[in-house]
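Overview (structure and organization)
For reference, the chains in residue letters:
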Amino acid sequence: MSVHSEFRRITTNSLLLSKQKGEKIAALTAYDFITAKLLDKAGVDVLLVGDSLGNVFQGNDTTLPVTMDEMIYHTKAVTKGVERAMVVCDMPFMSYQTSANEAFRNAGRIMKETSAGAVKLEGGIRIAETVEKITENGIPVMGHIGLTPQSIHLFGSYKARGKSVDEAEQIKKDAKALEEAGAFAIVLEKIPKELAKEITESLMVPTIGIGAGAHCDGQILVTPDMLGLNVDFNPRFVRHYAALADVMGLAIGKYVDDVKGQNFPSDKESY
Ligand code: KIV
């Protein structure tokens, strides 16, 4: 195997090419080694180590408590399970907002310690200078606009964004600013599908939608949501591809019955 073989994986250029060829990009979140391995083998193009781990892994109400150390811990586990996909690590709240230099230092730490292929930041015009600083120093940046969960206390709810003319205009300007600052892709979260279409058509770089309709260049979902593990969370943009909470509940219940009924372990399962 050549020492350069790792670069046969999905890159910013291959994602750009996918957009140019009209091939949709499939992205999902991952937070651990085993899931990352499964997603990669199944052909997922981009694995996002999202700060959504603050919700679905840590059980917090928001993503705000997630730290740099926690993102690095999970991203290290994910990259070990991946051969082909691009791994993108979310920059957590307060790791990039205070200054472009601090953001660059933290982005650099992520790249150095985790083997991720890129970082993701929430925000548009407000963080354009930061995105420029990080990208001009060789670190690919994925943008994220629309509903940006790190701003939940400013928004006051997780409702869709960009429904008013003013907000839609702002989101369009944010998308342009991110592209001009060097972002290689932009997540559009929970905005009207017509707005997502207009933004997608106006950009050279791919858009990855979550609750943003079918016109985006790719789609992303939070993996525990789409696998039916996060049973209390049912927004209309999530399609359940499995009911894993039921499957796991049955299996675990059977194990408990077997242990209590002295049906596990058998002789064959013993030494
Ligand atoms: O943190 C996350 O999982 C995300 C996706 C929902 C895009 O940002």
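About the cut-offs
- Residues numbered from 1 in each chain as written.
- Predicted model: local features only at pLDDT ≥ 70, side-chain atom pairs only at ≥ 80, totals over all residues.
- Heavy atoms only, no water.
- Near = heavy atom within 4 Å.
- Polar contact = N/O pair within 3.5 Å; in protein donor to acceptor, adjacent residues only side chain to side chain.
- Areas by Shrake-Rupley, 256 points an atom, 1.4 Å probe, with all protein chains shown as cover.
- 1 Å grid on protein atoms, 1.4 Å probe; cavity = no way out; pocket = protein on both sides within 12 Å on 5 of 7 lines; lining within 4 Å.
- Sits in = over half its atoms within 2 Å of the grid points.
- Nonpolar A, V, L, I, M, F, W, Y, C, P; charged D, E, K, R; others polar.
- Points joined across faces, edges and corners; volume = space filled by probe spheres on them.
- Helix = DSSP H or I, 4+ residues; strand = E, 2+ residues; numbered from the N terminus.
- Axes fitted to C-alpha atoms, helices over the stretch in contact; angles between N-to-C directions.
- Left-handed = near helix turned anticlockwise from the far one by under 90°.
- Contact = heavy atoms within 4.5 Å.
- Parallel < 35°, antiparallel > 145°, perpendicular 65-115°, else oblique.

Near the ligand the following residues occur: Thr29, Leu48, Gly50, Asp51, Ser52, Asp90, Lys120, His144, Val187, Ile210 and Val222. Measuring from an oxygen atom of the ligand, one finds a side-chain N or O atom of Asp90 at 3.1 Å. In this structure, an oxygen atom belonging to the ligand sits 2.9 Å away from a side-chain N or O atom of Lys120. For the ligand, whose accessible area on its own is 260 Å², the fraction buried by protein is 95%. At a threshold of 2 Å from the grid points, most atoms of the ligand map onto the second largest pocket. Of the residues contributing to the shell around the ligand, the split by class is four nonpolar, four polar and three charged.

To continue, consider the layout of surface pockets. To locate leftover empty space, one rolls a probe as large as a water molecule over the atoms. Put simply, the largest pocket is a space of about 680 Å³. Forming the walls of the largest pocket are 25 residues, and the residues nearest its centre are Ile210, Gly211, Ala212, Gly213 and Phe237. Per-element tally for the lining of the largest pocket: the top contributor is strand 1 (residues 25-29), with four residues. For the lining of the largest pocket, the class distribution of residues is 16 nonpolar, four polar and five charged. In this structure, the second largest pocket occupies an estimated 580 Å³ of space. In terms of lining, the second largest pocket is formed by 28 residues, of which the most central are Ser52, Asn55, Glu189, Val222 and Phe233. Secondary-structure elements contributing two or more residues to the lining of the second largest pocket are helix 3 (53-56), strand 6 (185-189) and strand 8 (218-221). The class makeup of the residues in the lining of the second largest pocket is 12 nonpolar, eight polar and eight charged.

A separate point is the packing of helix 4 (residues 68-80) against helix 5 (residues 100-114). It is the contact of helix 4 with helix 5, at a shortest axis distance of 9 Å, that shows an interaxial angle of 35°. Helix-helix and strand crossings are classified by hand; for helix 4 and helix 5 the assignment is right-handed. Taken together, the residues of helix 5 that come into contact with helix 4 (itself represented by Met68, Asp69, Ile72, Thr75, Lys76 and Thr79) are Asn106, Arg109, Ile110, Glu113 and Thr114. Class assignment of the residues belonging to the contact of helix 4 with helix 5 gives a composition of three nonpolar, four polar and four charged.

On to the packing of helix 5 against helix 6 (residues 128-136), then. For the pair helix 5 and helix 6, the least separation of the axes is 9 Å and the interaxial angle reads 45°. Our classification of the angle between helix 5 and helix 6 gives oblique. The crossing of helix 5 and helix 6 is right-handed. Facing helix 5, whose interface residues are Ala100, Asn101, Ala103, Phe104 and Ala107, helix 6 presents Thr130, Lys133 and Ile134. Looking at the contact of helix 5 with helix 6, its residues break down into five nonpolar, two polar and one charged.

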